[in-house]
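So the chains spell out like this:
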Amino acid sequence: MDMSQKISRKQQILEALAHMLETAPGTRITTSALAKEVGVSEAALYRHFPSKAKMFEGLIEFIEEALFSRITLILAEEQSVSVKCEKMLRLLLGFCEKNAGLTRILTGDALAGETDRLRQRVIQLFDRLETQLKQTLREAEMKEGVRTRMTVSVTANLMLAAAEGRIVQYVRSEFKRLPTENWADQWVMISEASFR
């Protein structure tokens, strides 16, 4: 088997796992069920991934790359601090809306009973998002004189908490309550409350 076929099979396994997370909310995915979904044996799964945790790590890496590569573009393209923060959070919400199965990983719902290392990776992802918001707010304060009503840390946490709340509602509603629904109106309130 050449390398392109191996990569393609790995991708197929990750896509099948993401699909199962989306179509079976609230259920734990077994390697047996995943192998059946992919159309291979469990042994074949383990030839591509040494463990189910590595499969989840592959999905978390995909999430990180998708979000942070686009955040870099947002920061480079936008001038207004409010627009930068809103676009970062809307990116997160839109990503979750389009990738419902992966959203279960971000809320920890799909990681129940899995290794703690996976939950730590998700915590780090959200910490990194919050740090990026703080950095954006601090830069605006230094370069533009834009001030937040509360401390930069409290403001960044409030912004991210609002987005995380929308994401949790999306998973809890079994993907019926869209995270981007009414977000534009809610952002106006958050922004007004955040900046002087």
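One can find the structure itself at the top, above this paragraph.
My aim in this report is to walk through the structure given alongside it, one point at a time. (Residues numbered from 1 in each chain as written. Predicted model: local features only at pLDDT ≥ 70, side-chain atom pairs only at ≥ 80, totals over all residues. Heavy atoms only, no water.)

**Considering the overall build of the protein**
Along its length, the protein carries nine helices and zero strands. Reading the protein from its N end, one meets helices and strands in the order α-α-α-α-α-α-α-α-α. Across its three principal axes, the protein shows a C-alpha extent of roughly 60 × 35 × 25 Å. When burial is assessed residue by residue, the protein has 44% of its 196 residues classed as buried. Of all intrachain contacts in the protein linking residues separated by at least 6 positions in sequence, the fraction that spans at least 24 positions is 67%. Of the accessible surface of the protein, which amounts to about 10400 Å², a share of 51% is contributed by carbon and sulfur atoms. Between the averaged position of the 28 positive side-chain charges in the protein and that of its 26 negative side-chain charges there is a distance of 3 Å. (Helix = DSSP H or I, 4+ residues; strand = E, 2+ residues; numbered from the N terminus. Buried < 20%, exposed > 50% of the residue type's maximum accessible area, 1.4 Å probe, protein only. Contact = heavy atoms within 4.5 Å. Areas by Shrake-Rupley, 256 points an atom, 1.4 Å probe, with all protein chains shown as cover. Lys, Arg positive; Asp, Glu negative; His and termini not counted. Charge placed at Lys NZ, Arg CZ, Asp CG, Glu CD.)

**Regarding unusual backbone geometry**
Non-glycine residue Glu174 carries a positive phi angle of around 55 degrees. As for its position among the elements, Glu174 is in the loop between helix H8 (152–172) and helix H9 (183–194). For Glu174, a relative accessible area of 45% corresponds to the partly exposed category. Even without being glycine, Phe175 reaches a positive phi, approximately 70 degrees.

**A short note on the packing of helix H4 (residues 52–77) against helix H5 (residues 81–98)**
In contact at an axis separation of 10 Å, H4 and H5 are set at 155 degrees when each is read in the N-to-C sense. The angle between the axes of H4 and H5 places the two elements in the roughly antiparallel class. The hand of the H4/H5 crossing is right-handed. In contact with Phe62, Ile63, Ala66, Leu67, Arg70, Ile71, Ile74 and Leu75 of H4, H5 contributes Lys84, Lys87, Met88, Leu91, Leu92 and Phe95. Grouping the constituent residues of the contact of H4 with H5 by class yields eleven nonpolar, no polar and three charged. (Axes fitted to C-alpha atoms, helices over the stretch in contact; angles between N-to-C directions. Parallel < 35°, antiparallel > 145°, perpendicular 65-115°, else oblique. Left-handed = near helix turned anticlockwise from the far one by under 90°. Nonpolar A, V, L, I, M, F, W, Y, C, P; charged D, E, K, R; others polar.)

**As for the pattern of salt bridges**
In total, this model carries eleven salt bridges according to the counting rule given. Here Arg121 and Glu61 are joined by a salt bridge, their closest N and O atoms 3.9 Å apart. Linking Arg121 in helix H7 (residues 116–144) with Glu61 in helix H4, this pair joins segments that are 60 residues apart in sequence. Its relative accessible area of 17% is what places Arg121 among the buried residues. (Salt bridge = Lys/Arg side-chain N within 4 Å of Asp/Glu carboxyl O.)

**Considering the nonpolar core**
With 58 residues, the main nonpolar core has Leu34, Leu92, Ile105 and Met159 as its most contacted residues. The element that contributes the greatest number of residues to this core is H4, accounting for eleven residues. Once residues lying within four places of it in the same chain are set aside, the contact partners of Ile105 are Leu21, Phe56, Leu59, Ile60, Ala110, Leu111 and Val122. (Core = buried A, V, L, I, M, F, W, Y, C linked by side-chain atoms within 4.5 Å.)

**Topic: the side chain of Gln132**
Here Gln132 lies in helix H7. By relative accessible area, Gln132 is classed as buried at 18%. In contact with Gln132, other than residues within four places in its own chain, are Ile71, Leu75 and Met88.

**Details of a nonpolar patch on the surface**
Taken together, the side chains of Met150, Val154 and Leu158 define a hydrophobic patch exposed on the protein surface, amounting to about 220 Å² of accessible area. Checked against the element boundaries, Leu158 lands in helix H8. With a relative accessible area of 37%, Leu158 lands in the partly exposed category. (Patch = residues over 30% accessible without salt bridge, like charges linked within 9 Å, V, L, I, M, F, W, Y side chains within 5 Å.)

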